[in-house]
Amino acid sequence: MLILDDTITAIATPLGAGGLGVIRLSGTQAIEVASLLFQGPPSLKNSPSHTLHHGVLKEGTEILDDVVVGLFRAPRSYTGEDVVEFSCHGGAQVLRRVLESCLRAGARMADPGEFTRRAFVNGKMDLTQAEAVGDLIAARSDAQRRLALDALHGKITRPIQPLRDKLLHLLAHLEAHLDFVEDEIPDLSRAGLRDELRFTREALETLVGTPGRHRLWREGVRVAIVGRPNAGKSSLFNAFLQENRAIVAAVPGTTRDTLEESVVWDGVPLTLVDTAGLRETDDRVEKEGADRARQALAGANLIFFVVDAENGPRSEDREVAKTVGDRPTILVLNKIDRVTGPPLASLESRWRRGLPWEEAPVSLVSARTSIGLRELGRAALRLAGAGEEPHEPGIVLNARQGERLREAIDALSRALTGVDAGVPEEALAIELRLTLGALNNLTGQGAPEEVLDAIFSRFCVGK
């Protein structure tokens, strides 16, 4: 259980050398603890909120650092409590010594995410906004940054509030009619109730959208690049990154391990995993590389199956295709700049017939000249669920949020079925309570402690 009557502290900036490092205090004794260390012209205890003060931090007779102190009094602070922030020089030893002094002065070390959790408990933000703080910190693309910032500003819960109010009104009417049957409370017609419930369900379904699309924009796409040795996998990997990250050589079996890097493609992060060539071998190291390639296959959202377009399908290609199986796959005909034989349409058809993917998307590329890379990236996003023209969705839900909304939708669906079947109003009221409970859990009202623990434990200590 979260304790709010103590004072917490932590380093709020990344560890390592830098120009500045911030140590944050929050709680009932934050200003008292800071005053024990800070020496400057003003007294922090008598200073107004939202002010900055320059001075030194001292413990006993030892000067710890020359600092700027930010003072934020409750409730006008990030956590809703008294907050003090020391902007120190960004050396690791400086921050360590100041943090230790704060702990000796009476603060305790903050738990992961405890500053944001206190902000949630004190009503400074709801649970979707608190989760957006973590998403904003972890954003790997500008699109993810924008979507997280929208959620932080309430874009997820804003459209839910009027729906929740509507449901509360309906539930109050049903329960009043049940409790005061002898009073003159007008009946709510079944047709009117059906229309209200259907409207609410459709609005929630619009928010949920396509689950895979939410995951695409939140987590990106993990792509394993596989194929037989010397098909050009590492060259394709380098071409996407626009740097020579993987060693490329004409000798088969050059890649012995998996390499992993991320790029942003039309706003969506693509995590590319270059793998060792899959073939039977007696080389112990190459065999280990092949085993790791198979592990990369298992953890990928989709596969780039790379082949040498100059040659027809070989037995090695067919063996690798068996390993890939029915996973979402794009057949990548590499080295297309060297093809001088049949027309490209005929070449594509020959490869389709030679491998077990007659319906799989095909991309014609040259890793050496970057021909076709743009089209391959677009094909990957389409296969991952982005549609023909990727564009940012209005909101992006995480798995927890999507599950709570689907619970609400399911309860509304049961209520609609009950309305049509003529079930008693008591049963309809139960489904409306379940709907409201799911929406309340979405925003954090009544969320179990174990859910809150799981969410905030993923935050860094200083946030």
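This write-up is about the structure you can find in this document. (Residues numbered from 1 in each chain as written. Predicted model: local features only at pLDDT ≥ 70, side-chain atom pairs only at ≥ 80, totals over all residues. Heavy atoms only, no water.)

## Focus: the overall build of the protein
So, step 1. For the protein, the count of helices and strands is 16 helices and 13 strands.
So, step 2. By sequence separation, contacts in the protein at least 24 residues apart represent 68% of the contacts at least 6 residues apart.
So, step 3. Total accessible area computed for the protein in this model is approximately 21,900 Å², and 52% of it derives from carbon and sulfur atoms. (Helix = DSSP H or I, 4+ residues; strand = E, 2+ residues; numbered from the N terminus. Contact = heavy atoms within 4.5 Å. Areas by Shrake-Rupley, 256 points an atom, 1.4 Å probe, with all protein chains shown as cover.)

## Examining a nonpolar patch on the surface
So, step 1. A cluster of nonpolar residues, Leu 103, Met 109 and Val 461, forms a patch on the protein surface that exposes about 200 Å² of accessible area.
So, step 2. Looking at where Leu 103 falls in the secondary structure, it is placed in helix 2 (residues 92-104). (Patch = residues over 30% accessible without salt bridge, like charges linked within 9 Å, V, L, I, M, F, W, Y side chains within 5 Å. Salt bridge = Lys/Arg side-chain N within 4 Å of Asp/Glu carboxyl O.)

## Some details on the sheet that holds strand 8 (residues 221-226)
So, step 1. Pairing is mixed in the open sheet, where six strands are placed in the order 9-10-8-11-12-13. Each edge of the open sheet carries a strand with a single partner, namely strand 9 (259-265) and strand 13 (362-364). Across the sheet, the axes of successive neighbouring strands diverge by a mean angle of 25°, strand direction being ignored.
So, step 2. Relative to strand 13, strand 12 (residues 329-334) runs parallel, the two sharing three bridges. Its bridge partner being in strand 13, Leu 333 is matched across the sheet by Leu 364. (Pairing = 2+ DSSP bridges. Axes fitted to C-alpha atoms, helices over the stretch in contact; angles between N-to-C directions.)

## Some words on helix 12 (residues 344-354)
So, step 1. For helix 12, every residue scored as buried is listed here: Leu 347, Trp 351 and Arg 352. All buried residues of helix 12 lie within an arc of 135° about the axis, which places them on one face of the element. Exposed and oriented more than 90 degrees from the buried face of helix 12 are Ala 345 and Arg 353.
So, step 2. Lining the buried residues of helix 12 we find strand 11 (302-308), helix 11 (315-324), strand 12 and strand 13. (Buried < 20%, exposed > 50% of the residue type's maximum accessible area, 1.4 Å probe, protein only. Arc of directions from axis to C-beta.)

## Considerations on the nonpolar core
So, step 1. Among the nonpolar cores identified, the biggest contains 32 residues, and Val 221, Leu 236, Phe 240, Leu 272, Phe 304, Val 332 and Leu 376 are the most heavily contacted of them.
So, step 2. Sequence-distant contacts of Phe 304, defined by excluding residues within four places in its chain, comprise Val 223, Ala 224, Ile 225, Val 226, Leu 236, Phe 240, Leu 272, Ile 330, Val 332, Leu 376 and Ala 380. (Core = buried A, V, L, I, M, F, W, Y, C linked by side-chain atoms within 4.5 Å.)

## Describing the sheet that holds strand 3 (residues 38-39)
So, step 1. Read from one edge to the other, the open sheet built from seven strands follows the order 3-4-5-6-2-1-7, with strand pairing classed as mixed. Whereas interior strands pair on both sides, the edge strands pair on one side only; in this sheet they are strand 3 and strand 7 (108-109).
So, step 2. The sheet contact formed by strand 2 (residues 20-27) and strand 6 (residues 83-89) spans seven bridges and is antiparallel. Paired with Ile 23 across the two strands is Phe 86, which belongs to strand 6.

## Considering the side chain of Thr 9
So, step 1. Within the element layout of this structure, Thr 9 appears in strand 1 (residues 7-11).
So, step 2. A relative accessible area of 0% means that Thr 9 is categorised as buried.

## Re the pattern of salt bridges
Opposite charge on two side chains permits pairing when their charged atoms draw close.
So, step 1. One pass over the full model with this rule turns up 34 salt bridges.
So, step 2. A salt bridge links Arg 96 to Glu 100; the nearest nitrogen and oxygen atoms lie 2.9 Å apart. Linking Arg 96 with Glu 100, this pair stays in helix 2, spanning four residues, or about one helical turn.
So, step 3. For Arg 96, a relative accessible area of 36% puts it in the partly exposed group.
So, step 4. On the basis of relative accessibility, which here comes to 28%, the residue Glu 100 falls in the partly exposed class.
So, step 5. For Arg 404, the salt bridge is made with Glu 407, and the minimal N-O distance between the two is 2.7 Å. Linking Arg 404 with Glu 407, this pair stays in helix 14 (residues 399-421), spanning three residues, or about one helical turn.

## Section: the environment of Pro 42
So, step 1. By the secondary structure assignment, Pro 42 is in the loop between strand 3 and strand 4 (51-59).
So, step 2. Each C-alpha atom of the pair Pro 42 and Gly 55 lies 9.2 Å from the other, and the pair is 13 residues apart in sequence.
So, step 3. Beyond its immediate chain neighbours, meaning those up to four positions away, Pro 42 contacts Ser 47 and His 53.

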